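# Fold and geometry: a report
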Amino acid sequence: MTKDFENELDKKLEDKAPETDLPMELAPDTEAESSNQRVIPGIGGKILFFYAAFVSLFHIYILNFRPMEQLLFRNYHLLLLGILGFAFFPGWAKAKSKIHWSDYLGMAGLVAVAAYLIQNFARVQFVYGTARATDLDMWMSLLGIILVIELARRTSGNSLPILALIFLIYPFVGQYLPGIFETPEYSAKRILTYLFTTNGVFSAPIAISSRYIVLFIIFSAFLTVSGVGTYFVEFAFAVSGFARGGPAKVAVLSSALMGMMNGTSAGNVVATGSLSIPLMKKVGYTSTFAAATEAVASTGGQIMPPIMGAGVFIMAEITNIRYERIMVAGILPALLYFFSAYMMVDYEAIKLKLHGVPRHLLPSITKTLRKAYLFIPVIVLIYSLLSGYSIIRAGFWGIVSSFLVSLIAKETRMGPKEIFEALEKGARGSVQLMSVCAAAGIIMGVIALTGIGARFANVLLTIADTNLLLALFFTMCVCILLGMGMPTTAAYAVAASVMAPGLVRITIDNPMFAHIPSDIIRLMPHMFVFYFACVSAITPPVALAAYAGAGISGSDPMRTGVMSFRLGIASYIVPYMFFFAPEILGIGAPAMIALRTTTALLGILALSSMVQSYFFGHLVFIQRILLLVAAFSLVSPNEIFDALGIGLMVLVFLSHRLPFIKEKAQEVEEQAAEGA
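Thresholds, definitions, all that
Residues numbered from 1 in each chain as written. Predicted model: local features only at pLDDT ≥ 70, side-chain atom pairs only at ≥ 80, totals over all residues. Heavy atoms only, no water. Helix = DSSP H or I, 4+ residues; strand = E, 2+ residues; numbered from the N terminus. Rg over C-alpha atoms; globule rule 2.2 N^0.38 Å. Buried < 20%, exposed > 50% of the residue type's maximum accessible area, 1.4 Å probe, protein only. Areas by Shrake-Rupley, 256 points an atom, 1.4 Å probe, with all protein chains shown as cover. Phe/Tyr/Trp six-rings, centres within 6.5 Å; stacked < 30°, edge-to-face > 60°. Core = buried A, V, L, I, M, F, W, Y, C linked by side-chain atoms within 4.5 Å. Contact = heavy atoms within 4.5 Å. Axes fitted to C-alpha atoms, helices over the stretch in contact; angles between N-to-C directions. Parallel < 35°, antiparallel > 145°, perpendicular 65-115°, else oblique. Nonpolar A, V, L, I, M, F, W, Y, C, P; charged D, E, K, R; others polar. Disulfide = S-S within 2.5 Å. Salt bridge = Lys/Arg side-chain N within 4 Å of Asp/Glu carboxyl O. Bend = angle between axes of the 7 residues up to and from the residue. Left-handed = near helix turned anticlockwise from the far one by under 90°. Polar contact = N/O pair within 3.5 Å; in protein donor to acceptor, adjacent residues only side chain to side chain. pLDDT = per-residue confidence, 0-100.

## Some thoughts on the overall build of the chain
Across its full length, the chain carries 32 helices and zero strands. In terms of overall dimensions, the chain is globule-like: its C-alpha atoms have a radius of gyration of 25 Å, near the 26 Å expected for 676 residues. Each of the 676 residues in the chain was classed as buried or not, and the buried ones make up 61%. In the form shown here, the chain has an accessible surface area of approximately 26500 Å², with 66% of it arising from carbon and sulfur atoms.

Quick look at the structure:
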C-alpha cells in the first residue's frame, strides 16, 4: 500500500469517525441480521416488544425455578416464539410493511394447535403415532406441521422447508420405492400424529432449542446490549488492526469471539462483516477476498468453544456426552481452523504489500485492556460449565454476570430499558433457531419412523469394509449436501440423524479405535459430521455465509463462494485429522497431544502456503507440489510421515536460494502484481 493510499485511508476513516472516545466506529451491526424482519410502529410494536420480553422471562423462569413437563414446555416454546415469527417475519417481500391477515391466521393456528395439545395432553402422549389416534388428532397434527414448515420458510429460506417436505412425502410413497428406500405401508393418521410428538417436531432439536439455545441467545443479547459485543470488536482491532492487512485479521479474531455467541454463520457475517468487509477493501483487499475472509472466519465461529453455534447442544443430547467434554474437545480443532484462516489472510497481505490501519485510528491497547473485565461473563460461563454446573444454570449465571458487569462503567450500564431491550432481542433472536429446529424434527421423525437412517448406516458399513477413508469421504459429501442452504443447527441435526449412526458403528467395530475411551468413540463421528455441517456454509454452489458476505462487499456470489472454499480448505482436512489422530480432541498423554497438535499446525501451515503460493517468498509449481505432499504427510498420525513432511518444508525453504527457482519465483511475483 503506497503512502498516498495510506493518507487517503486515514482521511476516509477519519471522515467516518463518530464523536466518541474511539477514533473509529467499532460496534458490530447487530441490527443488520434482523433487516429482513418487520419494524412495527406504534402501539402494536410496543405490545410486541413487551410480549417478546415476557417470552424471554418465561423461559428463564421455567428453566431455572419452575420446571414443567417436557412436552408441555416444548409446546409453549413453539407457540410463544411462533407468534413472534409470524409477527416479525413477512411471508413475502411486499408484506413487510405491516402484519398481514395471513400472519394473524398463522398465529391463530398455532394457538389452536397448542390449546388442543394442552387440553388433550394426558391422551395424546399415548395415542399419537398409533392406530388409536382420532381423525381430529391427525388434522391438528397436519396443521401444526404446516405451520412449522411455514415458519422455517419465513425465517431461513426455502432449502430446509423443501427438504422437510420431501421427507414428509417419503413415508406416503416409500412402499412404491426400490431398494433401501422401500418402506412398509403407513396410514396418514399414523404418519402425521407420529411426527407431531417427541419423535418428530418436539424431538431433540426443539428440546435443545427450548432448554439451551434460547437461554444462550438471551445471554448473547445481554452481551450485545451491555456493550460486550462491541468490546470484542474493539479488542480485536486494538491487538491486530495495525498488523499488515489488519482488518482481515480483525475479521478472523472478532468473528471467532462473536461467533461463540451467534447461532448462524450468515448471521455472524452480517453482524461483524458490515464493519470488517469495507475496511478490508479500503486497505487493498479485493471485494471477493474480503467477503470470503469474513465468511470463513464467521463459519469458524460455529466451531469455537464455548457455545459452538448452538449445534453442539444437540450433539450433547444425542450422544449423551457432557457438554463441557465436547467443549474441551473442540478447542484444538478450532485452533487449527483459525490458524489456517490467519495464515491465509497474512500471506495475501504479504503478496499485495498491504499495511494495517494506522495506529492513531485504532483503540488504545492500554485503554482496551483496562476494560478487559468485560470478558468476565464469558469467563463465568466457561468456569460454570467446567465446574459441573448444568448448562441451564451456567447460561443463567452468564446472563446475571452480563448485567452485573455492565454496572461497572457508565457507558455500559444497563437500566430497566436496556434489560427489556436485551430480553426482547433474545426472544426475537431465538425465533429462527426454534423454527429450523422444529422443521429438522420433522426430518428426524421420518428417519425414525421409516428406519432409513439405519439402512444408510448399513451402506456406510459396507463401504467401510472396503476402505475407511472412502466411508469418511462419502459421509463428508452427504453432510455437505444435506447442509447446503441450511443454518448450522438444522444442518447438523439432519446430517447426524442420517450419517452419524453408521460412523459410530464403524468406530466401535474397528480395532484401530480399540484404545480410545467409549465417550470419544461416540464423539468423533458426531464432531466429524458437525464440522462438515458447518462448512457447508462456505461450500459452493450454495454457500450461505459466502453469499451473505458478497451482499455486503458487492462481489460476485459464486466467485466469493469459490474463494471461501479455497480459504477454508483446512476445515475440510481437520475432521480427518482428529478422526485418525484423536489426541487432537484432547485425549491421551500430554506429550502425544502436544506432538499431534504441533505436526497438525505445521501441516496446516504447509497447506495454507501451498494454496496461497507463498512460503518465505513466492512459490513455483514444484515447490507448491512439495508443500502439498508435506501437508498431507504432517496431518497423518505417523512419525515417519511427520519427519518426511518437515523435511519437505525445509527443502522448500532452502530451495529459494537456487538460481532457477529465484528466476521463476520472480516471474510469479510479477504476474501476481499484474493480477492485483
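After that view of the structure, there is still more to cover.
## Side note on unusual backbone geometry
At Asn320, a position not held by glycine, the phi torsion is positive, near 60°. Mapped onto the elements, Asn320 comes out in the loop between helix H14 (311-319) and helix H15 (323-329).

## Describing the packing of aromatic side chains
Counted by the stated rule, this structure contains 31 aromatic pairs. Summarising the aromatic geometry, the rings of Phe513 and Phe579 are spaced 5.5 Å apart at their centres and angled 85° between planes, so their arrangement reads as edge-to-face. Linking Phe513 in the loop between helix H24 (500-509) and helix H25 (518-535) with Phe579 in helix H28 (residues 574-580), this pair joins segments that are 66 residues apart in sequence. The buried category is assigned to Phe513, whose relative accessible area is 1%. For Phe579, a relative accessible area of 0% puts it in the buried group. Their ring planes at 45° and their centres at 6.4 Å tell us that Phe532 and Tyr572 sit as a pair that is tilted. Note that Phe532 is positioned in helix H25 and Tyr572 in the loop between helix H27 (557-567) and H28, a separation of 40 residues in sequence. We classify Phe532 as buried; its relative accessible area is 0%.

## Observations concerning the side chain of Ser430
Along the chain, Ser430 turns up in helix H20 (residues 416-450). Assessed through its relative accessible area of 2%, Ser430 is described here as buried.

## So, the nonpolar core
A general feature of soluble globular proteins is that nonpolar side chains tend to end up buried together. Core analysis: the largest hydrophobic core is formed by 238 residues, its most contacted members being Leu84 and Phe313. In terms of residue count, H20 provides more of this core than any other element does, 17 residues in total. Setting aside chain neighbours within four positions, we find Phe313 in contact with Ile208, Tyr212, Ile213, Phe216, Ile307, Tyr323 and Ile391.

## Looking at the packing of helix H3 (residues 70-88) against helix H9 (residues 204-226)
Between H3 and H9, the shortest axis-to-axis distance is 9 Å and the interhelical angle comes to 75°. As judged from the angle between their axes, H3 and H9 are roughly perpendicular. Residues Phe73, Arg74 and His77 of H3 form the contact with H9, whose participating residues are Ile206, Ala207, Ser209, Ser210 and Val214. Of the residues in the contact of H3 with H9, the class split is four nonpolar, three polar and one charged.

## Description of the state of the cysteines
Among covalent bonds in proteins, the disulfide is the one between the sulfur atoms of two cysteines. In total, this model carries zero disulfides according to the counting rule given. Of the cysteine sulfurs around Cys437, a residue in no disulfide, the closest is that of Cys534, at 14 Å. The closest cysteine sulfur to the non-disulfide-bonded Cys479 is located on Cys477, 9.3 Å from its own sulfur. Judged by its relative accessible area of 0%, Cys479 is buried.

## Remarks on the pattern of salt bridges
Any two side chains of opposite charge can pair if their charged atoms end up close together. With the rule as written, the count across this model stands at 15 salt bridges. When the shortest N-O distance is used, the salt bridge between Asp103 and Arg38 registers 2.5 Å. Of the two residues, Asp103 is situated in helix H4 (residues 101-119) and Arg38 in the loop between helix H1 (3-16) and helix H2 (42-64); the sequence distance between them amounts to 65 residues. For Asp103, a relative accessible area of 1% translates into the label buried. A salt bridge links Glu317 to Arg211, with the nearest nitrogen and oxygen atoms 3.6 Å apart. One end of the pair, Glu317, is in helix H14; the other, Arg211, is in helix H9, and 106 residues separate them in sequence. Residue Glu317 is classed as partly exposed on the basis of its relative accessible area of 33%.

## Description of helix H12 (residues 265-283)
Of all the bends in H12, the greatest measures close to 60° and is centred on Gly273. Directly beyond the C-terminal end of H12, a positive phi value near 125° is found at Gly284.

## Things to note about the packing of H12 against helix H13 (residues 287-300)
Between H12 and H13, the shortest axis-to-axis distance is 9 Å and the interhelical angle comes to 145°. In terms of crossing hand, the pair formed by H12 and H13 is right-handed. Where H12 approaches H13, its residues Ser265, Asn268, Val269, Thr272, Gly273, Ser276, Ile277, Met280 and Lys281 are matched on the opposing element by Ser287, Ala290, Ala291, Thr293, Glu294, Ala295, Ser298 and Thr299. The residue inventory of the contact of H12 with H13, partitioned by class, reads six nonpolar, nine polar and two charged.

## What about the environment of Ala537?
Within the element layout of this structure, Ala537 appears in the loop between H25 and helix H26 (544-553). Residues Ala537 and Gly483, 54 residues apart in the sequence, show an inter-C-alpha distance of 7.6 Å. Other than its neighbours up to four places away in sequence, Ala537 contacts Ser265, Thr299, Ala543, Leu544, Ala545 and Ala546.

## A closer look at the environment of Phe121
Along the chain, Phe121 turns up in helix H5 (residues 121-127). Its relative accessible area of 15% is what places Phe121 among the buried residues. Note: C-alpha distance between Phe121 and Phe50 (71 residues apart in sequence) is 29 Å. If sequence neighbours within four positions are ignored, Phe121 has contacts with Glu69, Leu71 and Leu72.

## Notes on the environment of Asp103
The sequence separation of Asp103 and Phe86 amounts to 17 residues, and the corresponding C-alpha distance is 5.2 Å. When near neighbours in sequence (up to four residues on either side) are disregarded, Asp103 contacts Arg38, Phe86 and Arg154. There is a polar contact of 2.5 Å between the side chain of Asp103 and the side chain of Arg38.

## Some details on the confidence of the model for the chain
Residues with a pLDDT of 70 or more make up 92% of the chain, whose mean pLDDT is 84. Note on residues 1-6: pLDDT under 50 across the span, and 13 contacts to partners over four residues away in sequence or across chains. Within the model, the stretch residues 12-23 combines pLDDT values under 50 with 17 contacts to residues more than four positions away or in other chains.

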